[in-house]
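# Structural characterization, general
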Amino acid sequence: MELGLAVNSKINYNYNSLRLTQSRIDYGMLTVPRSLLFLFPNYSADISVFFNNSKNAQKKKFVVSEKNKEARIYGLSNWLKINKITPNDEIVIQVIDIKELLYRFIIEKKFVQEIIKYENKLDTVKNEEFANKYLKKIADINAVDEYNSSISQFIRLSKKGVPDRDLSEIRKNTKKSLVPVHFRVLLENIYKGRCQICNFSFLKKDGRPYFELHHILPNLAEHPKNICLVCANCHKQFTYAKVEHNFVDGWLSNVVFNDKNYKVKQIIHSLENINFYKNVYF
Ligand SMILES: [Zn+2]
C-alpha cells in the first residue's frame, strides 16, 4: 500500500508516497519513514487528524521510534476499515499546521477526483464569481492559499499545448475574441493588475485594478504563454509601436517598443520550485 503525503507548498500536487504492509493496515497503523519525519514533531505526541472532508479533528498517537529512526501513527483501524483501504490504495496526509500538530488524511483517489472535478469546472467557467469560488475550493483541498492555488492552476494550464486561434470567429464577430474567464481571474490574482511590461496599475472606482489582456501572437489562441496582463498604454504600444519579442521556453521574456527594452514579469520565472511531483517511499 502506498501513502501519499501532500506537503503544504507553493504548488499543489506535491506529494510523497509511502508503502505499507498488510499487517500494518491490520494494526490500524501508519509508518512514517525517516525521510518524511520533517513533516512531524521530533518527539512522541498526540496529533490532531481530520479524516477526509471532516470538520472535526480526532486525536491520534504519534510515536517516534528511536531505534528504527521512524515514527508510527496509531488508532486508524476504523478509518481504514470504513474506507475499505486495500494495499492498492494510497492515503494523502496533509500538514495543516505543524506547530499545532494538525493534519488531514484523505484517500488519494478521492483527493485527486475532487481536485479534477473543480479544475474541470474552472476551465469552463463563465463568470468571475464562480471562477474564484472554484479556485478557493481547489486551494482548500490542497491546503494552500488562493494566491498559490492560482499560480499552480496557471502552471497546470501552461503545460497544455498552445492551440491555434480560430481567426474566422474573430472576423465573423468583428470584435476581438474574449479571453476565457479563468485566464482573466488567474492573471488578476497573480499579478494584482500590475502591467507585466511596465508595472503600472490603477484602481477603478470599484476598488479593483484596471488592466487589459494582450494576445502576444495573434494567430495563437488563449494560453498562459500567449496572454499577458498589460496596462492600456503598453497594449497600444503592442499595436502601434515597432515591436520586438524575445521568448524563453515559449514565455515572453523581453519586449522592445521602439528601441526601448522591457523585461517582462513572468511568475513562472520567479518560482524556485515549479515541479508537480509525487515521490514514492518504502
Ligand atoms: Zn504597461
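Placed above this text is the structure.
Residues numbered from 1 in each chain as written. Predicted model: local features only at pLDDT ≥ 70, side-chain atom pairs only at ≥ 80, totals over all residues. Heavy atoms only, no water.

Right, let's get into the overall build of the protein chain. A tally of helices and strands in the protein chain yields nine helices and 16 strands. Looking at the protein chain residue by residue over its 282 residues, the buried ones come to 48%. Here the contacts in the protein chain between residues at least 6 apart in sequence split such that 58% fall between residues at least 24 apart. Roughly 15,400 Å² of accessible area belongs to the protein chain as shown, and the carbon and sulfur atoms make up 51% of that amount. (Helix = DSSP H or I, 4+ residues; strand = E, 2+ residues; numbered from the N terminus. Buried < 20%, exposed > 50% of the residue type's maximum accessible area, 1.4 Å probe, protein only. Contact = heavy atoms within 4.5 Å. Areas by Shrake-Rupley, 256 points an atom, 1.4 Å probe, with all protein chains shown as cover.)

Backbone geometry places Lys 84, a non-glycine residue, at a positive phi of 50 degrees. By secondary structure assignment, the location of Lys 84 is in the loop between α2 (77-82) and β7 (90-97). Owing to a relative accessible area of 65%, Lys 84 belongs among the exposed residues under this scheme. Phi is positive for Leu 101, close to 55 degrees, though the residue is something other than glycine. Counting through the fold element by element, Leu 101 comes out in the loop between β7 and β8 (102-107).

Our focus in this paragraph is the coordination of the zinc ion. Protein coordination at the zinc ion: the donors are Cys 195 (SG), Cys 198 (SG), Cys 231 (SG) and Cys 234 (SG), at 2.3 Å from the metal. We note that the donor set of the zinc ion lies within a single chain, spaced as C-x2-C-x32-C-x2-C. With Cys 195 in the loop between α7 (181-191) and β9 (202-203) and Cys 234 in helix α8 (residues 232-240), this pair connects stretches of sequence that are 39 residues apart. Cys 234 carries the same exposure label as Cys 195, and that label is buried. (Donors = N, O, S within 2.8 Å, 3.2 Å for Na, K, Ca; no water.)

To continue, consider the sheet that holds strand β13 (residues 243-248). Strand order in this open sheet of three strands is β13-β14-β15, and the pairing throughout is antiparallel. In the strand order of this sheet, the two ends are held by β13 and β15 (260-263), each with one partner. The average undirected angle you get between the axes of adjacent strands in this sheet is 20 degrees. Sheet analysis places β13 next to strand β14 (residues 251-257), joined by six bridges and oriented antiparallel. Paired with Val 248 across the strands is Trp 251, a residue of β14. Across the face of the sheet, α8 comes into contact with β13 and β14 while running at roughly 75 degrees to β14. (Pairing = 2+ DSSP bridges. Axes fitted to C-alpha atoms, helices over the stretch in contact; angles between N-to-C directions.)

What follows is about a positive patch on the surface. On the surface, Lys 55, Lys 121, Lys 133 and Lys 137 cluster together into a positively charged patch. As for its placement among the helices and strands, Lys 121 is situated in helix α3 (residues 108-123). Judged by its relative accessible area of 35%, Lys 121 is partly exposed. (Patch = residues over 30% accessible without salt bridge, like charges linked within 9 Å, V, L, I, M, F, W, Y side chains within 5 Å. Salt bridge = Lys/Arg side-chain N within 4 Å of Asp/Glu carboxyl O. Lys, Arg positive; Asp, Glu negative; His and termini not counted. Charge placed at Lys NZ, Arg CZ, Asp CG, Glu CD.)

A separate point is the pattern of salt bridges. All told, the structure shown has ten salt bridges when counted by the stated rule. In this structure, the salt-bridge partner of Lys 61 is Asp 46, at a minimum N-O distance of 3.0 Å. Remark: Asp 46 occurs in strand β4 (residues 45-51) and Lys 61 occurs in strand β5 (residues 58-65); sequence separation between them is 15 residues. Under the relative-accessibility criterion, Lys 61 is labelled partly exposed at 49%. Given the relative accessible area of 38%, Asp 46 is considered partly exposed. Across the salt bridge formed by Arg 208 and Glu 188, the nearest N and O atoms sit 2.8 Å from each other.

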